[in-house]
Each structure stands twice: as C-alpha cells, then as structure tokens.
Amino acid sequence: MILITGGAGFIGGNFVHHWFERQQKSGLPPEQVVVFDKLTYAGNPQTISEHLQSGRATLVHADIADREAVRAALARYKPRAILHFAAESHVDRSIHGPGEFIHTNMVGTFSLLEEARAYWGAMNEADKAAFRFLHVSTDEVYGSLEADDAAFSETTPYAPNSPYSASKAGSDHLVRAYHHTYGLPTLTTNCSNNYGPYHFPEKLIPLMILNALEGKPLPVYGDGLNIRDWLYVRDHCEAICQVLEKGRTGETYNVGGINEIKNIDVVTTICRKLDELRPKADGSKYEAQITYVADRPGHDRRYAIDPRKIQREIGWSPAETFESGINKTIQWFLDNTEWVNAVRSGAYREWLDRNYAGRA
Ligand code: NAD
Ligand code: DAU
C-alpha cells in the first residue's frame, strides 16, 4: 500500500493511472493506493474514478495540515511509502492570495512530516529501512535563468521568486531537515513544467486549448518570450516510480523534459494543431485569437533542467518529444469534453475574471 497526497489533482491523478498501468504491464503484484486529498478546486475524484470504483484506490478526503486525519490514515492503511504531491500549485493564484500556499505547502508539509516521522519511528527495523517519503517539488525553487545560463542542477542555489515557489522551497528545506536531523528516509524530485491529460485549465497549455476552441482570446503574458522546459506528465510519473525504487535516501533528483520552448511557440503550436484537427467554420486561423496582455508580476524568464543526475543514477529519460506529447494532450482535450465541462464550474469562471480582467 502506498499513500498519495494530492492524488486527485493533475500530476497525482496521472500518477494513479500510471501506477496501475505499470503494474499490469510488468506483471508486478497489485499494490493498492490511498489518495489523501482535500479536494480543493484543483482536486477532482472523477480523474481517478475508475480506480476508486474498482477498489484498487481509496480516497481519504482531508487536509494534510489536519494532523489527526493524517495520523488516522497512516494507522489505518499502513503505507510502505508516502508520495507527497499535494500543494497549491498555481503561480498566479499565489500572487492574488499567498495564504493558502503557506498553509498547504509549508504548514501542510510540516504536519505530514511530523506524522510520518512518528509513524516511521514506531516501525520494526525491516519496515523502517524500506519506508520512503517522496516529496514532489518544482524547478521554480531555483529562480530564473538568463538565456545563456546553465540549466538548473541539484546544486543550484535556491532563489524562489513567487509566493508559490517560496512556499515550495520552504517545504523542500523541511524535507531535507527531516532526513538530516531525524533520519527520515526522504527522496525529493524537482521537476519542470508538466502537461498532459487532466491538466486543470488555469495553466498555460489547457487554457490555450480550451480558449481557442471557444473562440476566446489567447492571453500571452508580456512579450511571450519566457521559456519553460516542458515535461509530458506520464514521463514525470515514470521518473517518480523509478526514484521511489532506486533513489538514494536524502537525495534530490531534477526531472526535466529536455524541451525548452518559448511560450509564444507553445501557443502557436497548439493553434496550428487545432487548425488541422478542428478547423474553424469561417476558415480563419486560431492564431488570430492570440492577444498579448499585461505580464505576470515577477515573471521568471527561463527555466531549464539539467537531468544528468537522474539519467546517470536512476537510468530515467523522457520518452516523449514535445511534438508527440502535445499531440496526445490536444487529442485528449478534444475527446474528454465531459471531464472538461465538469471542472469549468462557476468558481473557475470567477478565477478567469479575477486573473485576466486587469490585464487587457
Ligand atoms: P494540482 O493543483 O493540479 O493538484 C493539487 C492537488 O492537491 C489537488 O488534488 C488538491 O485538491 C490537493 N490539495 C491541495 N491542498 C491540499 C491540502 N491542504 N491537503 C490535501 N490535499 C490538498 O497540482 P499538480 O500540478 O498536480 O502538482 C502536483 C505537485 O507537483 C505539486 O506539489 C506541485 O508543486 C508540483 N509540481 C507541479 C508542476 C506542474 O507543472 N504542474 C511542475 C513541478 C512541480
Ligand atoms: O516549472 C514548474 C512549475 O510549472 C510548477 O511548479 C507549477 O506548479 C506549474 O503551475 C508551472 O508554473 P508556470 O507558472 O511555469 O506555469 P503556467 O502554466 O501558469 O505558465 C506557463 C508560462 O505561460 C509562464 O511563463 C506564464 C505564461 N502564461 C500563463 C498563463 C496561465 C501566459 O502567458 N498566459 C497565461 O494565461
């Protein structure tokens, strides 16, 4: 049994799918999953409904900052590992309201670590040695790169620039300290921008796909020349599986897609693919919907991951190119209108009004 915090979110939900598919493909014995999730606006049990219905996965609906709930889940399900995905994850939301980011990413991670430490401390020696606390973090903790800077490695100094990345940096430091001070067998992964199925449409790629299809403006921040290193979400999930199996405790592994792309190129790629797959009735091109809007305050210019450590020590490399991954992603959004419509509630529309109204 493994316990996954944030398993109803974008990456955690994909991880649940990946976990069971991987077991099936490799003939591994089935290992159940407990998803521990607060079900915020970004958490959606529909994402993992087939596994909840089959009984392979169980949902605990609770906050990671609720120590009694965490304690009860650990005592009841006795996981051999905790995979910690739960977070407030959207930079723009952290600019509008940092409080939830401190609560979940820092206080929540602290609560989880405290309960994990007590749970692990009471194990027998064999279970203790096998236990893992895997913390999923981000490349944003390293700050922003100039065009000719070397990519982020595991030894790049931390320099977070947004309330989101500062709260993730704080959580990384806590995880490091729990290993160093208490010996908790931790693993940390810092990955670049994920994309793929079930991506909440507040983030660049799903927002652009859905706005394009609805004939809405495609809001590009600033000059559109910011660079992100895009990682297909299933490649990330596989990296996490392999770090869990082979990672050295106390270590950090950077996970990147080796796909540095300017935002404007991401958006035009999506537009051109949609022109092919879903041409507009009036014959116009989706690119005509691109609208430059006011920049994100403190907008990091470039992220890039140096993935050599995970390649060398773990043997992981991404399988998808940006072209193959974006094609799968666009097709998924075209095919899954039921999921898409369900997540675009009134609260989602309120967020769009709040974030984009002042940028025109
Ligand atoms: P997401 O916002 O899609 O999902 C977050 C999940 O956590 C949701 O299911 C939500 O309900 C749950 N959650 C939030 N607060 C909680 C709380 N207090 N208690 C329990 N559950 C809570 O996020 P994501 O994009 O899937 O990101 C997952 C992790 O990966 C995060 O830690 C994020 O920082 C990290 N990360 C994401 C990316 C990316 O590109 N999306 C890149 C690097 C790192
Ligand atoms: O690098 C990893 C990080 O990637 C994760 O830690 C975060 O959880 C995840 O949200 C993501 O952060 P970004 O800020 O890079 O992702 P986002 O999709 O919000 O934005 C990607 C780029 O696109 C960024 O340069 C801002 C720009 N952008 C975004 C939106 C939502 C736009 O130009 N227009 C938009 O409407």
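A quick note: this is a predicted structure, and the numbers were derived from the prediction, not measured.

Participant: Looking at this model, I keep getting lost on the pattern of salt bridges. Mind explaining?
Facilitator: Oppositely charged side chains can pair when the atoms bearing their charge come close. Scanning the model with the defined rule gives 25 salt bridges in all. Across the salt bridge formed by Glu-251 and Lys-309, the nearest N and O atoms sit 2.5 Å from each other. Remark: Lys-309 occurs in helix 11 (residues 308-313) and Glu-251 occurs in the loop between helix 9 (233-246) and strand 11 (252-255); sequence separation between them is 58 residues. What makes Glu-251 partly exposed here is its relative accessible area of 22%. Across the pair Glu-287 and Arg-272 runs a salt bridge whose closest N-O atoms are separated by 2.8 Å. Linking Glu-287 in the loop between helix 10 (263-277) and strand 13 (290-293) with Arg-272 in helix 10, this pair joins segments that are 15 residues apart in sequence. A relative accessible area of 29% means that Glu-287 is categorised as partly exposed. Judged by its relative accessible area of 51%, Arg-272 is exposed. Here the salt bridges do not stand alone but share partners, grouping Arg-67, Arg-71, Glu-114, Glu-115 and Arg-117 into one network.

Participant: Sorry, what's going on with helix 10 here?
Facilitator: Helix length check: helix 10, at 15 residues, gives a terminal C-alpha distance of 21 Å against a target of 21 Å (1.5 Å per residue), a fit within 8%. Among the residues of helix 10, those classed as buried are Asn-263, Ile-264, Val-266, Val-267, Thr-268, Ile-270, Cys-271, Lys-273, Leu-274 and Asp-275. Packed against the buried residues of helix 10 are helix 8 (204-213), strand 8 (218-221), strand 9 (227-229), strand 12 (260-262), strand 13 and helix 12 (322-335).

Participant: Could you clarify how one ought to interpret the site of ligand 1 in this entry?
Facilitator: Around ligand 1 there are 28 residues in total, and Ile-11, Asp-37, Ser-89, Tyr-164 and Lys-168 lie nearest to it. Contact distances for ligand 1 include 2.9 Å between a nitrogen atom and a side-chain N or O atom of Thr-104. Counting residues per element, the ones that place at least two in the shell around ligand 1 are helix 1 (10-26), strand 5 (132-138) and helix 7 (163-182). The greatest single-element share of the shell around ligand 1, amounting to three residues, is contributed by strand 5. Per-class residue counts for the shell around ligand 1 are 13 nonpolar, eleven polar and four charged.

Participant: For this particular structure, what's the right way to read unusual backbone geometry?
Facilitator: Peptide bonds are, in most cases, trans, and in most cases residues other than glycine have a negative phi. Positive phi outside glycine occurs at Lys-78, with the angle close to 50°. In this fold, Lys-78 is placed in the loop between helix 3 (67-77) and strand 4 (81-84). One non-glycine residue, Ile-258, adopts positive backbone phi at about 55°. Along the chain, Ile-258 turns up in the loop between strand 11 and strand 12. When its relative accessible area of 54% is taken as the criterion, Ile-258 is described as exposed.

Participant: How should I be thinking about the nonpolar core in this particular structure?
Facilitator: Grouped burial of nonpolar side chains is what soluble globular proteins tend to show. In terms of nonpolar packing, the biggest core is built from 37 residues, with Ile-205, Ile-270 and Phe-322 touching the most fellow members. Of all the secondary structure elements, the ones that give two or more residues to this core are helix 8, strand 8, helix 10, strand 13, helix 12, helix 13 (337-343) and helix 14 (346-356). Once residues within four sequence positions are removed from consideration, Phe-322 is found in contact with Tyr-195, Ile-205, Trp-230, Asn-259, Ile-261, Val-266 and Thr-269. By size, the runner-up hydrophobic cluster in this structure holds 32 residues, among which are Val-233, Ile-240, Tyr-253 and Trp-316.

Participant: Is there a simple way to think about the packing of helix 10 against helix 12 in this case?
Facilitator: For any two helices packed against each other, one specifies the inter-axial angle together with the distance between the axes. Between helix 10 and helix 12, the shortest axis-to-axis distance is 11 Å and the interhelical angle comes to 55°. Viewed along their axes, helix 10 and helix 12 adopt a mutual orientation that is oblique. Seen along the crossing, helix 10 lies across helix 12 with a hand that is right-handed. Listed contacts from helix 12 to Val-266, Thr-269, Ile-270, Lys-273, Leu-274 and Leu-277 of helix 10 are Phe-322, Ile-326, Asn-327, Ile-330, Gln-331 and Leu-334. Each residue belonging to the contact of helix 10 with helix 12 can be placed in one class, and the counts come to eight nonpolar, three polar and one charged.

Participant: So what exactly am I meant to see when it comes to the site of ligand 2 here?
Facilitator: In the vicinity of ligand 2 lie 24 residues, with Asp-139, Tyr-164, Arg-296, His-299 and Tyr-356 positioned nearest. A distance of 2.8 Å is found between a nitrogen atom of ligand 2 and a backbone nitrogen or oxygen belonging to Pro-219. Here ligand 2 has 690 Å² of accessible area as a free molecule, and 95% of this is covered by the chains. Mapped by element, the contributors of at least two residues to the shell around ligand 2 are helix 4 (91-96), helix 8 and strand 8. At three residues, strand 8 tops the list of elements feeding residues into the shell around ligand 2.

Participant: Honestly, the packing of helix 3 against helix 5 (residues 99-121) in this entry has me stumped. Any pointers?
Facilitator: Packing of helix 3 against helix 5 brings their axes to within 9 Å, and their N-to-C directions diverge by 35°. Note on packing geometry: the crossing formed by helix 3 with helix 5 is right-handed. Counted together, Arg-67, Val-70, Arg-71 and Leu-74 of helix 3 and Phe-110, Ser-111, Leu-112, Glu-114, Glu-115, Ala-116 and Tyr-119 of helix 5 form the full contact between these two elements. Partitioned by chemical class, the residues of the contact of helix 3 with helix 5 number six nonpolar, one polar and four charged.

Parameters at a glance
Residues numbered from 1 in each chain as written. Chains lettered and ligands numbered in written order. Predicted model: local features only at pLDDT ≥ 70, side-chain atom pairs only at ≥ 80, totals over all residues. Heavy atoms only, no water. Salt bridge = Lys/Arg side-chain N within 4 Å of Asp/Glu carboxyl O. Helix = DSSP H or I, 4+ residues; strand = E, 2+ residues; numbered from the N terminus. Buried < 20%, exposed > 50% of the residue type's maximum accessible area, 1.4 Å probe, protein only. Expected span 1.5 Å × (residues − 1). Contact = heavy atoms within 4.5 Å. Near = heavy atom within 4 Å. Polar contact = N/O pair within 3.5 Å; in protein donor to acceptor, adjacent residues only side chain to side chain. Nonpolar A, V, L, I, M, F, W, Y, C, P; charged D, E, K, R; others polar. Core = buried A, V, L, I, M, F, W, Y, C linked by side-chain atoms within 4.5 Å. Axes fitted to C-alpha atoms, helices over the stretch in contact; angles between N-to-C directions. Parallel < 35°, antiparallel > 145°, perpendicular 65-115°, else oblique. Left-handed = near helix turned anticlockwise from the far one by under 90°. Areas by Shrake-Rupley, 256 points an atom, 1.4 Å probe, with all protein chains shown as cover.

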